[in-house]
Amino acid sequence: MANALVSIQILPTTPNGESVIPFVDRAIEIIKASGVPYRVAPLETTMEGELPQLFEIVQSMNEAMTEMGCPSVISQVKVYFNPANGASMGRLLEKYPDGQ
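Residues numbered from 1 in each chain as written. Predicted model: local features only at pLDDT ≥ 70, side-chain atom pairs only at ≥ 80, totals over all residues. Heavy atoms only, no water.

**Q** Looking at this structure, I do not really get the overall build of the protein. What am I missing?
**A** Across its full length, the protein holds 3 helices and 4 strands. In the protein, the succession of helices and strands from N to C terminus is β-α-β-β-α-β-α. Taking the principal axes of its C-alpha atoms as reference, the protein extends roughly 45 × 30 × 20 Å. A burial count over the protein gives 34% of its 100 residues as buried. Residue pairs at least 24 apart in sequence account for 74% of intrachain contacts in the protein once pairs closer than 6 positions are excluded. Total accessible area computed for the protein in this model is approximately 6100 Å², and 54% of it derives from carbon and sulfur atoms. Within the protein, the 11 negative side-chain charges are centred at a point lying 9 Å from the centre of the 6 positive side-chain charges. (Helix = DSSP H or I, 4+ residues; strand = E, 2+ residues; numbered from the N terminus. Buried < 20%, exposed > 50% of the residue type's maximum accessible area, 1.4 Å probe, protein only. Contact = heavy atoms within 4.5 Å. Areas by Shrake-Rupley, 256 points an atom, 1.4 Å probe, with all protein chains shown as cover. Lys, Arg positive; Asp, Glu negative; His and termini not counted. Charge placed at Lys NZ, Arg CZ, Asp CG, Glu CD.)

Next up, the structure:
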């Protein structure tokens, strides 16, 4: 069972002031390619897995932004770590499976 949930909102400074949407889409592609369970929400994306792996994904997302030409990136990260009992998006969302 996973021991952590990590939510991230990535806010890249785009090279020419263009929309951040293609950059955020790239960040989500990195999460998807990692194979960890994740859930996209309007203001952040939450991943479920082992804490070291999730931090590696966060690092890859930030590096991808600079590779795309962003001079800087702000990543707001929230961590839920529960090594004794595990961490599960499903368990935390039991009462609200549809987000309502």
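**Q** How should the sheet that holds strand β4 (residues 72-81) be read in this particular structure?
**A** Sheets are built from strands paired through backbone hydrogen bonds, the pairs being either parallel or antiparallel. Ordered in space as β2-β3-β1-β4, the 4 strands form an open sheet in which the pairing is antiparallel. Across the chains shown, the open sheet's two edge strands, defined by having one partner strand only, are β2 (38-40) and β4. Strand-to-strand twist in this sheet, taken as the mean axis angle between neighbours without regard to direction, amounts to 20°. In terms of strand pairing, strand β1 (residues 4-13) meets β4 through 10 bridges, oriented antiparallel. Among the inter-strand pairings, Ile8 is bridged to a residue of β4, identified as Val77. Taken strand by strand, helix α1 (residues 21-34) contacts β1, β2 and β3 (45-49), and its axis lies near 160° from that of β2. Along the sheet, helix α2 (residues 51-67) makes contact with β1, β3 and β4, crossing β1 at roughly 10°. (Pairing = 2+ DSSP bridges. Axes fitted to C-alpha atoms, helices over the stretch in contact; angles between N-to-C directions.)

**Q** Whenever I open this one, α1 confuses me. Can you help?
**A** Because each turn of an α-helix spans 3.6 residues, side chains separated by three or four positions end up pointing in the same direction. Taking 1.5 Å of rise per residue, 14 residues should cover 20 Å, and α1 covers 20 Å from first to last C-alpha, within 8% of that figure. Among all positions in α1, only Phe23, Ala27, Ile30 and Ile31 are buried. One side of α1 carries all its buried residues, which in axial view fall inside an arc of 95°. The exposed residues of α1 that point more than 90 degrees off its buried face are Ile21, Lys32 and Ala33. Where α1 terminates, the next one or two residues include Gly35, which has phi positive at roughly 90°. (Expected span 1.5 Å × (residues − 1). Arc of directions from axis to C-beta.)

**Q** In this structure, what is going on with the nonpolar core? I would like to understand it.
**A** The nonpolar side chains of a soluble globular protein tend to be buried with one another. Membership of the largest hydrophobic core comes to 18 residues, with the highest contact counts inside it found for Met47, Leu54, Ile57, Met61 and Met65. At the level of secondary structure, the elements contributing two or more residues to this core comprise β1, α1 and α2. Tallying contributions element by element places α2 first for this core, with 7 residues. (Core = buried A, V, L, I, M, F, W, Y, C linked by side-chain atoms within 4.5 Å.)

**Q** Explain the environment of Glu50 to me, please; I cannot follow it from the model alone.
**A** Mapped onto the elements of the fold, Glu50 is located in the loop between β3 and α2. Given the relative accessible area of 35%, Glu50 is considered partly exposed. Glu50 sits 24 residues away from Ile74 along the chain, and the two C-alpha atoms are 23 Å apart. Excluding residues that lie within four positions of it along the chain, Glu50 makes contacts with Met1, Ala2 and Asn3. A polar side-chain atom of Glu50 sits 3.0 Å from a polar atom in the side chain of Asn3. (Polar contact = N/O pair within 3.5 Å; in protein donor to acceptor, adjacent residues only side chain to side chain.)

Fair warning: the whole summary comes from geometry, so function is off the table for now.
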